[in-house]
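# Chains, contacts and geometry: an overview
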Amino acid sequence: MADMRAFREAVDDWASGGPGAGEAASELAAHLDVRTAVLLEGPSDHAAVEALAARRGRDLAAEGVCVLPMGGAMSVARYTGLLGPPGLGLRLTGLCDEREQPFYDRALDRVGAPRRGFFVCVADLEDELIRALGTERIEEILRAEGDLRSWETFVRQPAQHGRPRQRQLRRFLGTKKGRKIRYGRLLVEALEPDRTPAPLDDLLASL
């Protein structure tokens, strides 16, 4: 039976120019009753959004919401064109980083989709989560996950000397393949209910 993963894969194939992928994506969207596409930069953001939805008892796929990592902010024009008014006509929403907001605004304006569905992180979602949890709590999570020794080795590197702890942590999460994705979920699961970063909280509330 087709599921939301199949739809995501069809959309990614369509975005890459795969033959027949647009028709497949359209058929799956109708079959799954997809109404909203949540556009995210990458898989770590995807993991965080899905983790928060699960914590709040939400089944986004069952609600007709597809959470789509685009593989980079520069893909937003392509995805808005395929999924927004010129394409499948889905409601578009998501997260973006402050420095990349102009790309999103132009892409949304080009397809006639409202900007209000997109919520802005100052640096990125990892930075928002680190600030929400605090560096001491993050280090506790690193210890629990067996990554404390790697972290301590990392901060002793000359390039890290004098850098704020928050920036060191943000950089550390991106130094090993798969780490950002794993911690995207773990950091959300560690949040106190009233400490969810505003962009993430507002995004889920809008769905």
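Preceding block: the structure.
Because the structure is predicted, anything quoted here is derived from the model rather than measured.

In this section: helix 5 (residues 101-111). Listing the buried residues of helix 5 in full gives Tyr104, Asp105, Ala107, Leu108 and Val111. Down the axis of helix 5, the sector holding all buried residues measures 165°, keeping them to one side. One or two residues past the end of helix 5 sits Gly112, with phi positive at roughly 75°.

Turning to helix 11 (residues 198-206), a few remarks are in order. Among the residues of helix 11, those classed as buried are Pro199, Leu200, Leu203 and Leu204. Looking straight down helix 11, one finds its buried side chains confined to an arc of 125°; they lie on one side. On the buried face of helix 11, the contacting elements are strand 1 (36-40), helix 3 (43-55), strand 3 (91-97), strand 4 (118-121), helix 6 (125-133) and helix 10 (179-190).

You can see Thr36 is positioned in strand 1. In the structure, Thr36 is positioned 33 residues away from Pro69 in sequence and 14 Å away in space, judged by C-alpha atoms. The residues touching Thr36, leaving out its near neighbours within four places in the chain, are Gly64, Val65, Cys66, Arg91, Thr93 and Leu207.

This paragraph deals with unusual backbone geometry. The backbone of Asp33 sits at a positive phi, close to 55°, despite the residue not being glycine. The exposure class of Asp33 is partly exposed, given its relative accessible area of 44%.

On to the packing of helix 3 against helix 10. Two elements in contact, helix 3 and helix 10, have axes whose closest approach is 7 Å; the angle formed by their N-to-C orientations is 30°. Classified by the angle between their axes, helix 3 and helix 10 sit roughly parallel to one another. Crossing hand, helix 3 versus helix 10: right-handed. Only Lys180, Ile181, Gly184, Arg185, Val188, Glu189 and Ala190 of helix 10 make contact with helix 3, whose side of the interface consists of Pro43, Ser44, Ala47, Ala48, Ala51, Leu52 and Arg55. Considered class by class, the residues forming the contact of helix 3 with helix 10 number eight nonpolar, two polar and four charged.

Note on terminology: a disulfide is the covalent bond linking the sulfur atoms of two cysteines. Scanning the entire structure with this criterion turns up zero disulfides. With no disulfide of its own, Cys96 has Cys121 as its nearest cysteine by sulfur position, at a separation of 7.5 Å. A relative accessible area of 4% places Cys96 in the buried class. Take Cys121: its relative accessible area is 1%, and that puts it in the buried class.

Let us now look at the packing of aromatic side chains. For the structure on display, the rule yields four aromatic pairs. An aromatic cluster is defined as three or more aromatic residues linked by ring pairs; in this entry it consists of Trp151, Phe154 and Phe172. Looking at Arg179, its charged tip hangs above the ring of Phe172, at a distance of 4.0 Å from the centre.

In total, this model carries 15 salt bridges according to the counting rule given. Taking the shortest distance from any N to any O, the salt bridge between Glu128 and Arg131 comes out at 3.2 Å. Of this pair, Glu128 and Arg131 both sit in helix 6, three residues apart, which is roughly one turn of the helix. For Glu128, a relative accessible area of 8% translates into the label buried. The salt bridge partner of Glu140 is Arg137, with a shortest N-O separation of 3.3 Å. Of this pair, Glu140 and Arg137 both sit in helix 7 (residues 135-144), three residues apart, which is roughly one turn of the helix. Judged by relative accessible area, Arg137 falls into the partly exposed class, the value being 33%. Taken together, the shared-partner salt bridges in this structure form one network comprising Asp105, Asp109 and Arg115.

Thresholds applied
- Residues numbered from 1 in each chain as written.
- Predicted model: local features only at pLDDT ≥ 70, side-chain atom pairs only at ≥ 80, totals over all residues.
- Heavy atoms only, no water.
- Buried < 20%, exposed > 50% of the residue type's maximum accessible area, 1.4 Å probe, protein only.
- Helix = DSSP H or I, 4+ residues; strand = E, 2+ residues; numbered from the N terminus.
- Arc of directions from axis to C-beta.
- Contact = heavy atoms within 4.5 Å.
- Axes fitted to C-alpha atoms, helices over the stretch in contact; angles between N-to-C directions.
- Parallel < 35°, antiparallel > 145°, perpendicular 65-115°, else oblique.
- Left-handed = near helix turned anticlockwise from the far one by under 90°.
- Nonpolar A, V, L, I, M, F, W, Y, C, P; charged D, E, K, R; others polar.
- Disulfide = S-S within 2.5 Å.
- Phe/Tyr/Trp six-rings, centres within 6.5 Å; stacked < 30°, edge-to-face > 60°.
- Lys NZ or Arg CZ within 6 Å of the ring centre and 35° of its normal.
- Salt bridge = Lys/Arg side-chain N within 4 Å of Asp/Glu carboxyl O.

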